[in-house]
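Residue-level structure breakdown
In case you want the letters, here they are:
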Amino acid sequence: MKNNTKEKKPIPFSPTVTSFFEIVAGLTIFSLGFFKEVFSPPYEFAEIKKHIDELGIKTLPIVTVTGFIIGLVLAMQSQPVMSRFGAESFLPSMVALSVVRELGPVLTALIFAGRVSSGIGAELSSMRVTEQIDAMEVSAVHPYRYLVVTRILACTLILPILTLYVNFLAIIGGFIAISLSQGITFHQYIDAVFRSLQFSDLIPGLAKTFVFGFIVGAVGAYKGYNATNGTVGVGRASTSAVVMASLLILITDMVLVKITVIIWSQ
Amino acid sequence: MVKVSNLTKSFGDNLVLDDISLDVKTGENAVVFGRSGTGKSVLLKCIVKLLIPDAGEILVDGKNVHSLKEKDLNELRKEIGFLFQGSALYDSMSVKENLEFPLIRNKKEMSSEERDEKIKQVLKAVDLENVIDKMPDELSGGMKKRIGLARTIITEPKLILYDEPTTGLDPITVKEISELIKELQKDLNVTSIIVTHDLLCAQIISDRAIVLNEGKIIYDGGLENLTKSDDKFLKDFFTNEYSR
Ligand SMILES: Nc1ncnc2c1ncn2[C@@H]1O[C@H](COP(=O)(O)OP(=O)(O)OP(=O)(O)O)[C@@H](O)[C@H]1O
Ligand SMILES: [Mg+2]
């Protein structure tokens, strides 16, 4: 009998490192399929709309609460520090800039990942282990196109909208915190906010949310689509999807921030 | 219709199918027997390319399944029905949507009235007209099996692969389902490969029995001779008497 393990060469990295690269490679190939399939008919518009509706309903309550609290806490936290330096008048601009550039997009994406990539992972993996994906395949329907492309697209389209909504709520939250302690009018506050915000703050903040949305959809679908091992696999797919999506969001954010800094400073 | 030559399939060290050849003619019903875990489901899945064999060739309707382009493979798959052992109903869709799914995508020329008519017809055939608006998780195991069967036959495929169509059903339903499979063959000249453990079902359906054991085909011939065989395994497998 052949013994496979003995024939393998020793691995230069620890198994976790190699399996990490294996996953990243697998995920990359899996995601590239999206760009190949998304433009080719038949288009599943009904499916995409259904997913967008579902995602919206699923995440709206939690992002509403989050958005509001981000602004509130940010303003409350920063107030003592800012007043120590006599910079209290900069508080509205500080809230707006932090929210629009960084906190809004990243926190919304992380919450979205927690709520959505686990859901997609669980849904697709249970379809995989109960052979529903196979059933689709033998009835000549491309399961990747029907199940994966529609979900990734829905995530990519809805996260930017959710982020705008969160940004808006966070700025309102910031106003409430500041007005309670400083006696600023809403008009003055909004004025200060818009004076400090520039296109170069808005665009990168929003552009990266498309990438984050894509990551959430792709990671959830990748984990679910390739699930094995029955019900154990379903649980594993949904939890590991959240971990991986969150991690990738943070890493991508770091890279994108660096890139925008380079572009905009020239 | 289906010609399998020298098919070999293993998972890791587990050799499941070992150099199997069989030929099922158009309009023929072939029943496949074998103990649990001998690779009956694996055989069916290789035929529709849900699994890739290690070696061997599979021709369906004269076309080599494993070397077809994706587009041609899908054209071929439209002519093949597959009943999964676990039914594999889409659990986010109602019974009606489950049945509509293959019709909408593979019979584009059908109007929605024609589809509704067809859905009624197959539900009647499996005797489940009253569950049309239910979700799969509201159905019993046997009902799921029958809806799975309805979804398999709704596109009127030329070749149907049944993985245990009657397991878990009561004797009366077993008879009805078996007769339905037989009728499909007689009326529409459908070719079928039926995996089953059920002798009653086999007797109604079959012209031919194939027995798999330990990765090999150990019997391929008429059903009536099976029970008279002298082979120790076949004797153990097919005689009902319990003696100690
Ligand atoms: N995807 C897979 N990965 C690894 N091993 C598999 C896979 N599918 C099947 N096997 C193995 O192949 C063998 C045959 O499985 P198969 O499902 O074909 O059995 P079967 O004859 O249909 O049995 P039953 O009558 O219980 O349905 C089993 O030993 C099983 O462990
Ligand atoms: Mg089986």
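Shown above is the structure to which this text applies.
Now for a look at the structure at hand.

Conventions adopted
- Residues numbered from 1 in each chain as written.
- Chains lettered and ligands numbered in written order.
- Predicted model: local features only at pLDDT ≥ 70, side-chain atom pairs only at ≥ 80, totals over all residues.
- Heavy atoms only, no water.
- Helix = DSSP H or I, 4+ residues; strand = E, 2+ residues; numbered from the N terminus.
- Contact = heavy atoms within 4.5 Å.
- Areas by Shrake-Rupley, 256 points an atom, 1.4 Å probe, with all protein chains shown as cover.
- Lys, Arg positive; Asp, Glu negative; His and termini not counted.
- Charge placed at Lys NZ, Arg CZ, Asp CG, Glu CD.
- 1 Å grid on protein atoms, 1.4 Å probe; cavity = no way out; pocket = protein on both sides within 12 Å on 5 of 7 lines; lining within 4 Å.
- Points joined across faces, edges and corners; volume = space filled by probe spheres on them.
- Nonpolar A, V, L, I, M, F, W, Y, C, P; charged D, E, K, R; others polar.
- Near = heavy atom within 4 Å.
- Polar contact = N/O pair within 3.5 Å; in protein donor to acceptor, adjacent residues only side chain to side chain.

**Regarding the overall build of chain A**
A tally of regular secondary structure across chain A gives nine helices and zero strands. In chain A, the succession of helices and strands from N to C terminus is α-α-α-α-α-α-α-α-α. Over its C-alpha atoms, taken along the principal directions, chain A stretches across nearly 80 × 50 × 35 Å. Within chain A, residue pairs in contact and separated by at least 24 positions form 84% of the contacts whose partners lie at least 6 positions apart. Working note: accessible area of chain A is about 13700 Å², and carbon and sulfur atoms make up 71% of it. Computed over 19 positive and 16 negative side-chain charges, the separation of the two mean positions in chain A equals 7 Å.

**Details of empty space enclosed by the protein**
Here the structure, examined in full by the defined rule, presents three cavities of 30 Å³ or more. Taken together, 18 residues form the lining of the largest cavity, with Ala135 and Ser139 of chain A together with Phe82, Arg151 and Thr152 of chain B sitting closest to its centre. At the level of secondary structure, the elements contributing two or more residues to the lining of the largest cavity comprise α5 (132–138) of chain A together with β6 (80–83), α3 (95–106) and α5 (141–153) of chain B. Per-element tally for the lining of the largest cavity: the top contributor is β6 of chain B, with four residues. Residue composition of the lining of the largest cavity, grouped by class: eight nonpolar, seven polar and three charged.

**What to know about the site of ligand 1**
Residues and elements named next belong to chain B. For ligand 1, the set of nearby residues contains 14 residues, the closest of which are Ser36, Gly37, Lys40, Ser41 and Gln85. The side chain of Asn14 places a nitrogen or oxygen atom 3.3 Å from an oxygen atom of ligand 1. Protein chains bury 62% of the 620 Å² of accessible surface belonging to ligand 1 in isolation. If you list the elements that add at least two residues to the shell around ligand 1, you get β2 (14–24) and α1 (40–47). Ranked by residue count, the leading element in the shell around ligand 1 is α1, at three residues. Taken together, the residues of the shell around ligand 1 sort by class into three nonpolar, eight polar and three charged.

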